[in-house]
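Overview (structure and organization)
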Amino acid sequence: MSARTLTRKDVSHVLTRAFFWLVVIIIALYTMLPFAYAISISFRTNAQVLVSARYLPEDPQLTNYQNLLSDADFMRTMLNSAIVSSVTVLLSLVVGSFAAYALGRVQFRGRMTVMYLVLAMTMFPQISILSGLFAIVNDLGIYGSTAALMFTYPIFTLPFTVWVLTSFFQGLPGEIEQAALVDGATPFQTFWRILVPLTAPALVTTGLLTFISAWNEYLFALTFTLVNKSAQTVPVAIANFAGYSFEIPIADRVAGAVVVTVPVLVLVLIFQRRIIEGLTAGAVKG
């Protein structure tokens, strides 16, 4: 009887694992196949893309990538995106960590109201505040420059950063902060030298998500750099590949999208351990 029961358990376990991996494979194929097909298109010419819809390129070529990497304007937009995204991440993490510390560790009246106001800021679509931001950017005299993007991007990255980091600061044991204060550390020293290093996984995860959001942003980049091509970022450059021609360079545009994705993939591979720690930090308590 026990052997029969054990066999049923084994069969149930095998079926459960098989179903789990089947779901994982389906999700992986669903998410990765479009990107794999985009890579395939990037190795074709525009004529081949319009004539054939095969999944694998008939005659793989590096012409699209050579044209992109030798294009000074495109490489300048890559540099603009890197600078704007990096500055946005730095501002969001510095300001967001201070705000998250105050909301997560300091008890004051109206703290929950402030937290929900921060969360509510993420619900407004970007286009709803575009006209007001345009007037502010124009009055500040930074319209048509990368400074306009550095000024406006934290508006939609800061609320997310503050909300995520607040939960991490709240999860830190209060005894750590009390012990540091007893040893003579100032509140700022406790925050900077003890609490911030403990939240490093959360900072890396939040910073990477902020970087991706700023790297892929299109609406603000198009609006605030429309009059100055030298200040445009990569999403705007890819959208403008066709220019005023009726011919749509599909292969060139897809190759540009693949090149733009590479820096994000590299960052994920470099910080993958920190990202996993940040995503699983709140899974186990005690």
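Residues numbered from 1 in each chain as written. Predicted model: local features only at pLDDT ≥ 70, side-chain atom pairs only at ≥ 80, totals over all residues. Heavy atoms only, no water.

**Description of the overall build of the chain**
Along the backbone of the chain there are 15 helices and 0 strands. For 286 residues, the compact-globule formula gives about 19 Å, and the C-alpha radius of gyration of the chain, at 24 Å, lies well above that figure. With the C-alpha coordinates of the chain rotated into their principal frame, the extents come out at 80 × 70 × 30 Å. Residue burial in the chain is summarised as follows: out of 286 residues, 34% are buried. Restricting the contact set of the chain to residue pairs at least 6 apart, pairs at least 24 apart contribute 72%. (Helix = DSSP H or I, 4+ residues; strand = E, 2+ residues; numbered from the N terminus. Rg over C-alpha atoms; globule rule 2.2 N^0.38 Å. Buried < 20%, exposed > 50% of the residue type's maximum accessible area, 1.4 Å probe, protein only. Contact = heavy atoms within 4.5 Å.)

**Let's talk about the confidence of the model for the chain**
Averaged over all residues, the pLDDT of the chain is 84; the fraction at 70 or higher stands at 91%. Ranking the elements of the chain by mean pLDDT puts helix 15 (residues 272-280) last with 68 and helix 7 (residues 146-152) first with 94. Counted against residues more than four places away or in other chains, residues 282-286, with its pLDDT under 50, gives 0 contacts. (pLDDT = per-residue confidence, 0-100.)

**A closer look at the nonpolar core**
Phe74, Met78, Leu165, Phe169, Trp215, Val259 and Val260 are the most contacted members of the largest nonpolar core, which has 30 residues in total. If you list the elements that add at least two residues to this core, you get helix 1 (2-42), helix 3 (63-69), helix 4 (72-105), helix 8 (154-171), helix 10 (187-198), helix 11 (200-216), helix 13 (234-239) and helix 14 (250-270). With 7 residues, helix 14 is the largest single contributor of residues to this core. Among all residues touching Trp215, those that are not within four sequence positions of it are Met78, Ser81, Ala82, Ser85, Pro235, Val260, Pro263 and Val264. By size, the runner-up hydrophobic cluster in this structure holds 13 residues, among which are Val84, Ile142, Tyr153 and Ala221. (Core = buried A, V, L, I, M, F, W, Y, C linked by side-chain atoms within 4.5 Å.)

**Here we look at the packing of helix 5 (residues 111-121) against helix 8**
Contact geometry for helix 5 and helix 8: axes closest at 8 Å, N-to-C directions at 140 degrees. Here helix 5 lies oblique to helix 8, going by the angle between them. Two packed elements cross with a definite hand, and for helix 5 against helix 8 that hand is left-handed. Packed against helix 5, whose contacting residues are Arg111, Met115, Tyr116, Val118, Leu119 and Met121, the element helix 8 presents Pro159, Val162, Trp163, Thr166 and Gln170 at the interface. For the contact of helix 5 with helix 8, the class distribution of residues is 8 nonpolar, 2 polar and 1 charged. (Axes fitted to C-alpha atoms, helices over the stretch in contact; angles between N-to-C directions. Parallel < 35°, antiparallel > 145°, perpendicular 65-115°, else oblique. Left-handed = near helix turned anticlockwise from the far one by under 90°. Nonpolar A, V, L, I, M, F, W, Y, C, P; charged D, E, K, R; others polar.)

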